[in-house]
Structure formats: structure tokens, C-alpha cells
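Geometric and topological summary
Below, each chain spelled out in residue letters.
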Amino acid sequence: MQAGRSYIPTPLNHSLRKWLLALLLGLLISVALLLPALLEPVDSKPGPSLQGLIVLGYHEIEPPAQAVIPDYSVTPQQFSEQMSWLHAHGYHFVSLEQVLQAKAGKLPLPSKPLLLSFDDGYRSTYINAFPVLKQYHAPALVALVGSWLEPEAGLVAFGDQQLPREHLLSWSQLREMVGSGLVEVASHTYDLHKGITANPQKNSEPAVTSRLYSPGTGYETENAYRKRLQVDLQLNNKLLTNQLGQRPRAVVWPYGRYNNTAMKVAEELGMPVGITLDDGEIFSNSPLKALPRLLITREMAGVKGLETELSLRDRDAGDNTRAAKVMHVDLDNIYDPNPAQIERNLQLLLRRIREMGVNTIYLQAYADPDGNGAADALYFPNRHLPVKADLFNHVAWEIRTRTPVRRLYAWMPVLAFELPKGHPAAQQKVVTEKPSNGHLNMGYPRLSPFAPEAMATVRDIYEDLSRYATFDGLLFHDDVTLSDYEDASPWGLRQYRRWGLPSDLAKIRASDPLQGRWVIKKIKALDALTLELAATVRQNQSQLRTARNIYAQVVLNPKAEVWYSQSIDDSLKDYDFTAVMAMPYMEKAADHKAFLQRMVAQVKDKPQGLQKVLFELQSIDWHTKRDLPTEELAQQITELYALGVKHVGYYPDNLHRGTPDPAVLRPVLAAHSSAPSP
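Residues numbered from 1 in each chain as written. Predicted model: local features only at pLDDT ≥ 70, side-chain atom pairs only at ≥ 80, totals over all residues. Heavy atoms only, no water.

Time to look at the overall build of the protein chain. In terms of helices and strands, the protein chain carries 22 helices and 28 strands. A total of 678 residues make up the protein chain; the buried ones form 54% of that total. Contacts in the protein chain between residues at least 24 apart in sequence constitute 71% of all its contacts with a sequence separation of at least 6. (Helix = DSSP H or I, 4+ residues; strand = E, 2+ residues; numbered from the N terminus. Buried < 20%, exposed > 50% of the residue type's maximum accessible area, 1.4 Å probe, protein only. Contact = heavy atoms within 4.5 Å.)

With that settled, consider the packing of aromatic side chains. Scanning all chains against the criterion turns up 22 aromatic pairs. Ring centres 5.6 Å apart and planes at 80° place the aromatic pair W411 and Y651 in the edge-to-face group. Of the two residues, W411 sits in strand β21 (residues 407-412) while Y651 sits in strand β28 (residues 647-651), which places them 240 residues apart along the sequence. Under the relative-accessibility criterion, W411 is labelled buried at 4%. What links up through ring pairs into an aromatic cluster is the set Y366, W411, W622 and Y651. A cation over a ring is seen here: K112 above Y91, with NZ or CZ 4.2 Å from the ring centre. (Phe/Tyr/Trp six-rings, centres within 6.5 Å; stacked < 30°, edge-to-face > 60°. Lys NZ or Arg CZ within 6 Å of the ring centre and 35° of its normal.)

Bringing the sheet that holds β21 into the picture now. Around the barrel, which closes on itself, the eight strands sit in the order β17-β18-β21-β22-β23-β24-β25-β28 with parallel pairing between neighbours. The mean inter-strand angle of the sheet, taken between neighbouring strand axes irrespective of direction, is 25°. The pairing of strand β17 (residues 325-329) with strand β18 (residues 360-364) spans four bridges and is parallel. Within β18, the position partnered with H328 by the bridge is Y362. Strands in contact with helix α10 (residues 339-356) are β17, β18 and β28; relative to β17, the strand with the most contacts, it is inclined by about 160°. (Pairing = 2+ DSSP bridges. Axes fitted to C-alpha atoms, helices over the stretch in contact; angles between N-to-C directions.)

Further remarks concern the side chain of N199. Residue position: N199 is located in the loop between β10 (195-197) and β11 (204-206). For N199, a relative accessible area of 0% gives the class buried. At a separation of 3.0 Å, a polar atom in the side chain of N199 contacts the side chain of N203. A polar atom in the side chain of N199 sits 3.4 Å from the side chain of E205. Among residues more than four places away in sequence, those in contact with N199 are E205, Y213, Y219, N393 and H394. (Polar contact = N/O pair within 3.5 Å; in protein donor to acceptor, adjacent residues only side chain to side chain.)

Between helix α21 (residues 630-642) and helix α22 (residues 662-670), the shortest axis-to-axis distance is 9 Å and the interhelical angle comes to 5°. Considering the angle they form, α21 stands roughly parallel to α22. On the side of α21, the interface is formed by T630, E631, L633, A634, I637, T638 and Y641, while α22 contributes V664, L665, V668 and L669. (Parallel < 35°, antiparallel > 145°, perpendicular 65-115°, else oblique.)

Okay, the pairing of strand β1 (residues 54-58) next. Among the five residues of β1, five are classified as buried, and the element is accordingly described as predominantly covered. Side chains of β1 alternate between two faces, with I54, L56 and Y58 and V55 and G57 buried alike. In the sheet, β1 pairs with strand β5 (residues 113-118) via five bridges, with the strands oriented parallel. Paired with I54 across the strands is L114, a residue of β5. Alignment of β1 against strand β16 (residues 294-295), held across two bridges, turns out to be parallel. Across the sheet, residue L56 finds its bridge partner in β16, namely L294.

Right, let's talk about helix α3 (residues 96-103) for a bit. Those residues of α3 lying buried are L96, V99, L100 and A102. Buried residues in α3, looked at end-on, bunch into an arc of 160°, giving them a common side. Those residues of α3 that are buried are in contact with β5, β6 (140-144), β9 (183-187), β14 (250-252) and β15 (273-275). One or two residues past the end of α3 sits G105, with phi positive at roughly 80°. (Arc of directions from axis to C-beta.)

Ranked by internal contacts, the top residues of the largest apolar core, which has 119 residues, are F392 and F417. Discounting residues that sit within four places of it in the chain, F392 has contacts with L331, L363, Q364, A365, Y379, L408, A410, L465, A469 and F471. Among the nonpolar cores identified, the runner-up in size contains 48 residues, and M83, Y136, A140 and W148 belong to it. (Core = buried A, V, L, I, M, F, W, Y, C linked by side-chain atoms within 4.5 Å.)

The next thing to look at is unusual backbone geometry. The linkage connecting E486 with the following residue, D487, adopts the cis geometry, with an omega of 0°. Of note, D487 is situated in the loop between β22 (473-476) and α13 (490-498). The peptide bond linking Y651 to P652 adopts the cis configuration, its omega dihedral lying at -10°. Even without glycine at this site, Y255 takes up a positive phi of about 60°. Tracing the backbone through its elements, the reader meets Y255 in the loop between β14 and α8 (260-268). Phi angles above zero are rare outside glycine, and K588 is one such case at about 55°. Within the fold, K588 resides in the loop between β24 (577-581) and α19 (592-604).

Before going further, it helps to spend a moment on the confidence of the model for the protein chain. Per-chain confidence: the protein chain averages 90 in pLDDT, with 90% of residues scoring 70 or above. Below pLDDT 50 for its whole length, residues 1-46 participates in eight contacts with residues either more than four positions away or in separate chains. (pLDDT = per-residue confidence, 0-100.)

In C-alpha cells form, the structure reads like this:
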């Protein structure tokens, strides 16, 4: 505009003005619709997160003297005090619906979320817990066993015993609780909350995960097993829906035992949520189908006990924070051609375990009668090797149910299997070139880890183990190794070419850069194989722990990675525990105390070294074939504890000679607490 001259806009015609007004109105509406999204921070939308969720599991809210199972009872006063404490300390009681909404990313959980669950359907849930739930507006899951509730009176088959029906909830009480909006029912199976015959020795084991064994016909097929689960869960859903008008969306697994087959069947029947008794924290990516739960027992029924357990859960205090005290057991020492002698040997073992005070067992699952380190036969049904006796499951179950042992690991080879003549993979073995410098090679006969057919056979063996036994972890044998003169088999040489290396091992050894690449590749390949086998077993043993044997020199000497294709650093990352063979006699150490001190110093320098390394000591001097004095073993453990070591074990337990002596060793083990500090 020019100075001193007013500006007068040119008049618009009527139609143009209407068009501009309509355009402006449309823009304003669009902005109004978009404004909330534009103003909202990018990361403010709730994601599919269950981070921090805690599931508490209760049974009877009843004084122990009146409880069906006193060890899992909480008195009404203790329950009320626990709910008051939780409420006062910022915990928010959430419903199953809130958990599902949070997982779907629709609504975030509040801070410190807590889901309450009550197992088995005891009447005390209505009489003593329900009023407290209403007081705190606390939602809860009540897990029901249909076969226990279906009769209106009389006795019901309660697990392996008979229970008067009046100890359990009535249908009218359940309808009142469901009608309140606070209680949602979950399936606890229709008739699988019991043991079934799971082996030839007639052990009664959890019906959900065991394959039914029948004399004459053997084990049920996988199809029959799956059908049994499907029919049972379907029947329970139908009963609860008809009686209560509410179809279960969650299954609470009896005894906390479940597997992939069970989870898939439950999901197919509309139950995406699975509640377990697994240890551990719930994370943002934790699957709904296997939520860990803290089971409230009599010993943690008070406020202090609950507070301590929640503190441990907040710190994700699992097995690595609890001192492992390991007895390494040869099943070959239990086996005998006479079944009656097997049982006598087993009773001797159970007594020794109780007397020794150990909390973890590494139990041999294979037969090695000639002592060459390789499996000639197995102690469980399988598709590829002879069955020396169907014994592993029997012994494992007896140990887990009749001793205080917390964890039982199946001790298994990975490569050292001597397959029967005529087996397609029998000759697919590791080939060892003759060393020119006097270097000792691994003596175990092993299958080549690079032969696909041989490794498919090994995967089958591990899958069979997982189906026909119940255990907590896998210990991978010390056969997971390749020297710098191995593997010169056709399968090994082919793999080295794929890695861009020469197929001449001498050329690889002659070049430091080539040898370095070769060793790293072999270490990664062997670790990957064990992790694949663990994944196979987890199809049936979902909460599986892993431990790996490695040689002492791998910890003490960086050059030992070349000799063994083992790495302490990789092992600490890949496994829950690394069992280092801290055996001074085997290593011919001149000063045993200094040998152990050096090992501890090296482990301390590793991230989580003392948390994840088990120091495995020897109870025999294999060079002289004599049992070591228990006092010497006890002194070594005492020295290790003084240096800050958390986890110790010994091999072997000489069952029939009574060594080591529990009277000497138990006090040393007992002096080191197995529980983490709160």
C-alpha cells in the first residue's frame, strides 16, 4: 500500500463467498478432528505391555488345623492383613479383563498391578476371602475343577484322595461371586488335577503333562494325549458356562505343569491366558499363555513373608541368586538287572540326598557302562538308541517329590552318542586329525555337529526325553567340544568351505587370522546347537533351565578356546549356569588352593560371573582311582565360599561306597544360605 492511501477490499460476488466459507468450515472441522492426535505425544498410546504385573496364587483361606492342605493355607486374619498391606503400599488390584486390555494395547495397567487368583474352589474362598475382596473392590480369578463341583453332595475324588463335597464352593455361592462383577472363573481342568500312571514303575505324575502308561500297551500316542487334554478342557468349559453363564478365558494349570501342546489346546478352546507356577518377573513381552505366579504358602502367609517375596520378585531374584548346591548322580549306579535291587539303590540315593542337604541334582539320563563318555543306551523311551531301562523318569520323580531338592537337571550328551550299527547316521562322526605336537584330543566318540542327519537324530532323542520325563533343566555334557584338529569329517570340511575357510585344517592352523575365525565359528555353532536342543525340549518342559559343562582351562587360559571351541564369555550369555570343572587333580595342578583362587579371580572379572558360574569339584582322583577324603572336598568348598563363590557342586556321588560323607559335607553346605537377601 502506498502511504496516505486507504485500502478498500474489492467486493466478492455471492457464490465465491459461499465457496470460501464452506472451504474454511471444512478446514476447521478437519483441524478439530485431528487436533487430539496432533497434540498427543508420539509414545503416549498404551502399548501391549504387562510390565510389572504380579499374579498371586492362594488356596485355602483357613486356619491350618482346619485346612485340607495346611501347607498352602492362609488364615482369614493373615489374608485380611495382606490385602490391607498391599492396598496401603500402592498395589492396584486388577481384573483379567484389564490384563487382556493391556496386552491388546487398548488400556494400560495401573502402577504396581496385581492379579489375585484362588485355586481349587474351596468354600473358604466365599466365606473368608470374598468379603475382603468386596471391601477392597479387588477382582479375582477362581480356578475350578469341574469333576469336584459337579456332584451336589457326598465325597469327591480330590486328586488322589476323597474329600467331602461341603469343603468346596456350592454353585449358588459361585453365582453370587460371579454376579458381583468381582470374580471371574478360570478352568482348573475337569478331571486332570490328579496324578496318572506315567511309567512302568507306576509313579503317579501330573495328568496334564504326563503320557499315560498302561502295562501291555505302553505309552499313549501323541494324538491320544492331545485328544485327552482337549476332551477334558472342553468338558470343563461347557459345565462352567452352563452353570454360571460365564465361559472361562483363563486356565490355571494344576501343579503349575504345562507344555506347548496343553497351551495350544487351551487357546483353541478360547482360553488365551495360562497361569503357571513358574518363577520370574512378568515383562512387557511376556506371553499371556504362560504367566508366572507367586504361590502363597503357609510359610509366607504373614505380611512380612509376602513383603519379602514381592521384594525378590521386584528384583527378579531367581535361581541365580539362590546358592545352588549340586550333587552329580550317575544313573548307572542305580541301575541293576534286578528291579528289586534298583529300588533298594534308589532308596539309598534318596536318603543320601536328604542327608547331604543339596538342593540341585544333575541326573544322568544315558547309559555309559564302559565309561568312555558316550551314550551306548538311554534311560528313557526313544526312537534311536537301546533303552537300558525306562528309569530316568522314575528316579527323577522320586527325587523331586521325596527330597527337598529344588531343581533336577537331565544330564545329557550333545554329540557323544554311539548309534547302533546300521543306523543311517552311525558313521557320521567327528574325524580327528593326528596332532603333530603331542597335543591331547578329546577322547569321546562323537557325532559330527555338521552332519544334518546325525543332528536330526540328536534332536529326536531330546524330544523323546522331554515327552517321557518331568525335570527342570538340562545339563549339557562336556562332549560339546572340538579341538584344533577337529572336525575333519566330510561334513565338517563342507561347513568350513561355507564359512569361507580352507578345507585343509593344517592351512587353517597355520594362519592366526584364519584360525581365529574358525574357532569363533565353531564356538557359535556348538552353542547354537545346544540352544536349539533346549528349544526342542521346551515344547514339553516350558520353564526349562540350562547348564553347560566347560573345562577349567577355558577359564584360566585364553588360548584354550582354540583347543576346546568353548568360551566362558559366550557360555555366560547363553546359559542359566556354566558348570566349570574346577578339578585340580584332573588338571594336575601343583597347588590346589592357588588353582581355585585363580579360577575365582577370573570368574569375578566376568559380568555376572559369580551369579552364573557353578564350581564343580571332584570327589575322585581319576589318575589314582581313589576317593578323595571328604574333609579335603569340604575344605575346598569352604575356601570357595570365602572367596565369594555362590554355587558349588561335586561329581560323582559314590553311592555304594558312601563318599563323600554327608556328616562332614552337610554342615559346610548348610553354612552358606541358599536364599537371597531380601
